[in-house]
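Here are the chains, one letter per residue:
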Protein chains: 2
Amino acid sequence: MNIVLVLNLAGLVLIFTSLFMLVPFTTSFFIHGEDVYALGLSFVITFFAGVLLYFLTKSQKKIELKHRDGYAVVTISWLLMSFFGSFPYMLSGACLSFTDAYFESIAGFTTTGSSILNNLETLPAGILLWRSLTQWIGGMGIIVFSLAILPMLGAGGMQLFKAEVPEIGVEKLRPRIIDMAKSLWYIYAGLTAVLALLLTFAGMDLFDAVCHAFTTMATGGFSTKSASIAYYQSGTIDFIITLFMFLAGINFSLHFYALRGRFSRYTKSSEFRFYCSVVFIAITVITLNTMQSGQSSLADALRYASFQAVSIVTTTGYATADYEMWPVLSQMLLLCLMFFGGMVGSTGGGMKQVRIMLMFKQAYRELYHLIHPRALTALKLDDKNVPKETLGGIWGYLFLFILISVIATLLMTALGIDIITSASTVISSMANVGPALGDAGPTENYAALPAAGKWVLAFCMLIGRLEIYTVILLFMPIFWRK
Amino acid sequence: MNIVLVLNLAGLVLIFTSLFMLVPFTTSFFIHGEDVYALGLSFVITFFAGVLLYFLTKSQKKIELKHRDGYAVVTISWLLMSFFGSFPYMLSGACLSFTDAYFESIAGFTTTGSSILNNLETLPAGILLWRSLTQWIGGMGIIVFSLAILPMLGAGGMQLFKAEVPEIGVEKLRPRIIDMAKSLWYIYAGLTAVLALLLTFAGMDLFDAVCHAFTTMATGGFSTKSASIAYYQSGTIDFIITLFMFLAGINFSLHFYALRGRFSRYTKSSEFRFYCSVVFIAITVITLNTMQSGQSSLADALRYASFQAVSIVTTTGYATADYEMWPVLSQMLLLCLMFFGGMVGSTGGGMKQVRIMLMFKQAYRELYHLIHPRALTALKLDDKNVPKETLGGIWGYLFLFILISVIATLLMTALGIDIITSASTVISSMANVGPALGDAGPTENYAALPAAGKWVLAFCMLIGRLEIYTVILLFMPIFWRK
């Protein structure tokens, strides 16, 4: 690994992150917020750390990025962003320990949205804005990571999507990433702006609308209200957010084509059709189940079921209902939805729809083979053959997802935390959802967990967000051998 | 599918099963048991049903068994054995509903050992003996199924073991199955007899010793005492049973070679080494964890931890301790152990050690490939290359295991059963363990579950015991198409 080049790029990422800190700083400056110093100081520290890192490592800049470097850049960038992103929380006194500040920060940058903050309403506006922005920055990072970096690295079966992304015709890794990032970020920023406008029209005040637009498009789920979206008690707002969470769960390159008039790319994508089916089935079952339990009318049941199902499947994690009051079936279904996550190339987490779809296909093919042992059947996705290496990558991904979840759950239970809370917080963190069940349900938060548990979950968020392989590799001796 | 031939063989299985009913009948006859009529009548019904089935379908006997027929014979045989095996429970009044009788019967024949019977001590001896025998018969069936039938059918990656089984030199399916069955059953029966003797020497009365020998070697777990093995409060008995559960979790063809003096076959088998490692790690962690929680001395902790870990990993399901009183980590670890199960070719359930070992290997290989994309590495097991089709079968198996567990858990929660009880009873049934967590822990039983839940779990036991594919295939339209 070329550690100098990796740190050089990480320095760039830090400078980029620090510039975003100017947004809450300026806001706080104009409204004379109490957090203006904390934000200003955080900017200065982060900016100079970034500049220092960048210039200290600048000499080697002409070397081309290799595979190993790619994995290292991504992991180290997310770790550094989260570290420096925790300064506003610490310096403003919003978080009293480094553990809490780091947890809140990494829950932002990984777009998870699990929080240790109580009484959000008492926090200064600048901090709340920074909190929402961390998710939005994380979302930008993920779009580039999943559509530009991962397909080239080929981890977890992602070589499949080399052809999916807009073609740019540049072969080298760095210019291609930058070009693609630009066009996809325009769409991301555009959708965010539209959503903020719509939320304002629907009655949210501008500040809250902007914050929620940031965290919706990032499928992050941080809210400015302790009661999350339930605070607004507005069917219109619920509907708008449900729609935009759904959009954020779609591959952004499909939006890219749609904006060029090629709307058929949506329906041609079998992953999109699978995603729609999963959402449709989940909404139907939860609606019927919550209605049947006599808690609400059809209209209400549909409204809360669709919001909550889309919120969980896209791994956003907003709440409009305390689903722990729902029948057990609905709760269990929400837990299952966490695994699905968004489409590849969306900001959503989880295992990704296409991976689960391909697992269904291969399982069916295995059954078919038992009946027709001599039949030659290749697995297809959108009329293209899926190479065996891709499938191998997906199965390896599934196994590592399960293995790490199990180990993390064992660690949580070793701290004396009950099984439901342990397992659900781990799954929620691995899938970057946010709320879980048990002691970390939609109406509680993660504050009461022991510090060691917070670090376990922080690690799960990182590993889940970066598609497992990216992070795991750094822990393997083969990675460091020549 | 050749339904006539399938029913013909199922008829033979029924006759075979009915003959076993004579054992508890004779016992009951000599001790003037109140259940003598119930057992006698059950024998008559089962025997004549078997004979009728056999002779009605006899004409087509010369046709050779095909793949599809193989799957159908196995599934239908287990269903019919369980159906007729429930007669003693119903006719003696031990079970008051057909659901309960069928549940108890299938929990026997699938060697699961989950029970709906309260106060075993009040049941007549004949019924208790029949209950233990159902597991022993199930174990015999499983040895043949996994070492003779599955490798030839090639389901779930099991073609791997074609070479593992003692070579007999006959090519046709039926004579080969019969020859192999004989040699392996001698070992099975021999170990059972030795165990019964040892238990008698250790102070158990002869009847209980025989019953427990049956259910230990089958890794079934039915006991003649409501308190299970904890009733005896004997370190010697605990030790003997731990040892024999461990032996029952080993591939019986390794015992076959060992009896011919080739003991090195044990240590040469990487699955055996993996199995030993899993057991060793589990015992160590649980011993330390239960000691640390201040509940017992090292000797006691080791005794209960090793009994319970081996009981769960081999999917026997006996209890000497109420592990729901143990720290959460130990409980969670036991839940994980259920997935591992015994070795292929043992009577143990679960996913089988070799499958999980190969998943670890493939996940590592995927990681290796990301670092060295051009390296050609084949997956090896005991120095032989593992074909890609085998791996595909294993991944398909894993996915179906998860998928069916999830669907079954959703069905259980739809009945209003809490998540811990739902998930743990489903996993315990799929893995053929027996006890679970929550309302079906080691000191409770399954009697209080709703009837629909019992049917869901009965189906899980069948599907788990028959390696999933065997049963699932029968539900697929392609199976029935020409």
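Just above sits the structure.
All of the points below concern the structure found in this document. (Residues numbered from 1 in each chain as written. Chains lettered and ligands numbered in written order. Predicted model: local features only at pLDDT ≥ 70, side-chain atom pairs only at ≥ 80, totals over all residues. Heavy atoms only, no water.)

**Considering the interface of chain A and chain B**
Here is step 1 of the chain: Contacts between chain A and chain B engage 53 residues on the former and 53 residues on the latter.
Here is step 2 of the chain: Between chain A and chain B lies a buried interface of about 4,400 Å² when both sides are counted; carbon and sulfur atoms form 85% of it.
Here is step 3 of the chain: When the area that chain A buries against chain B is broken down by residue, the three leading residues are A:L370, A:I371 and A:F399, summing to 16%.
Here is step 4 of the chain: At the junction of chain A with chain B, the criterion picks out 0 salt bridges.
Here is step 5 of the chain: Across the contact surface, chain A and chain B share 0 residue pairs in polar contact (both at pLDDT 80 or more).
Here is step 6 of the chain: The leading source of residues in the side of chain A that touches chain B is helix α16 (residues 388-414) of chain A, at 16 residues.
Here is step 7 of the chain: Its residues assigned to classes, the side of chain A that touches chain B comprises 37 nonpolar, 11 polar and 5 charged. (Contact = heavy atoms within 4.5 Å. Buried area = accessible area lost by both parts, 1.4 Å probe. Salt bridge = Lys/Arg side-chain N within 4 Å of Asp/Glu carboxyl O. Polar contact = N/O pair within 3.5 Å; in protein donor to acceptor, adjacent residues only side chain to side chain. Helix = DSSP H or I, 4+ residues; strand = E, 2+ residues; numbered from the N terminus. Nonpolar A, V, L, I, M, F, W, Y, C, P; charged D, E, K, R; others polar.)

**Details of the environment of B:G50**
Residues and elements named next belong to chain B.
Here is step 1 of the chain: Within the fold, G50 resides in helix α2 (residues 36-56).
Here is step 2 of the chain: Taking relative accessible area as the criterion, G50 reaches 0% and is therefore assigned buried.
Here is step 3 of the chain: Leaving out residues up to four positions away in the same chain, G50 has contacts with G11, L14 and I15. (Buried < 20%, exposed > 50% of the residue type's maximum accessible area, 1.4 Å probe, protein only.)

**Remarks on the packing of helix α1 (residues 3-30) of chain B against α2(B)**
All names here are of chain B.
Here is step 1 of the chain: Between α1 and α2, the shortest axis-to-axis distance is 8 Å and the interhelical angle comes to 160 degrees. When the axes of α1 and α2 are compared, the pair comes out roughly antiparallel. Handedness of the crossing formed by α1 with α2: left-handed. (Axes fitted to C-alpha atoms, helices over the stretch in contact; angles between N-to-C directions. Parallel < 35°, antiparallel > 145°, perpendicular 65-115°, else oblique. Left-handed = near helix turned anticlockwise from the far one by under 90°.)

**Observations regarding the side chain of B:S42**
Here is step 1 of the chain: Following the sequence through the fold, B:S42 ends up in helix α2.
Here is step 2 of the chain: Those residues in contact with B:S42 that lie beyond four places of it in its chain are B:M21, B:F87, B:P88 and B:L91.

**Quick notes on the environment of B:A305**
All names here are of chain B.
Here is step 1 of the chain: By the secondary structure assignment, A305 is in helix α13 (residues 298-313).
Here is step 2 of the chain: Sequence spacing of A305 and I286 is 19 residues, and the spatial spacing of their C-alpha atoms is 5.7 Å.
Here is step 3 of the chain: The residues touching A305, leaving out its near neighbours within four places in the chain, are I283, I286, T287 and W326.

In short, geometric facts, not functional conclusions.
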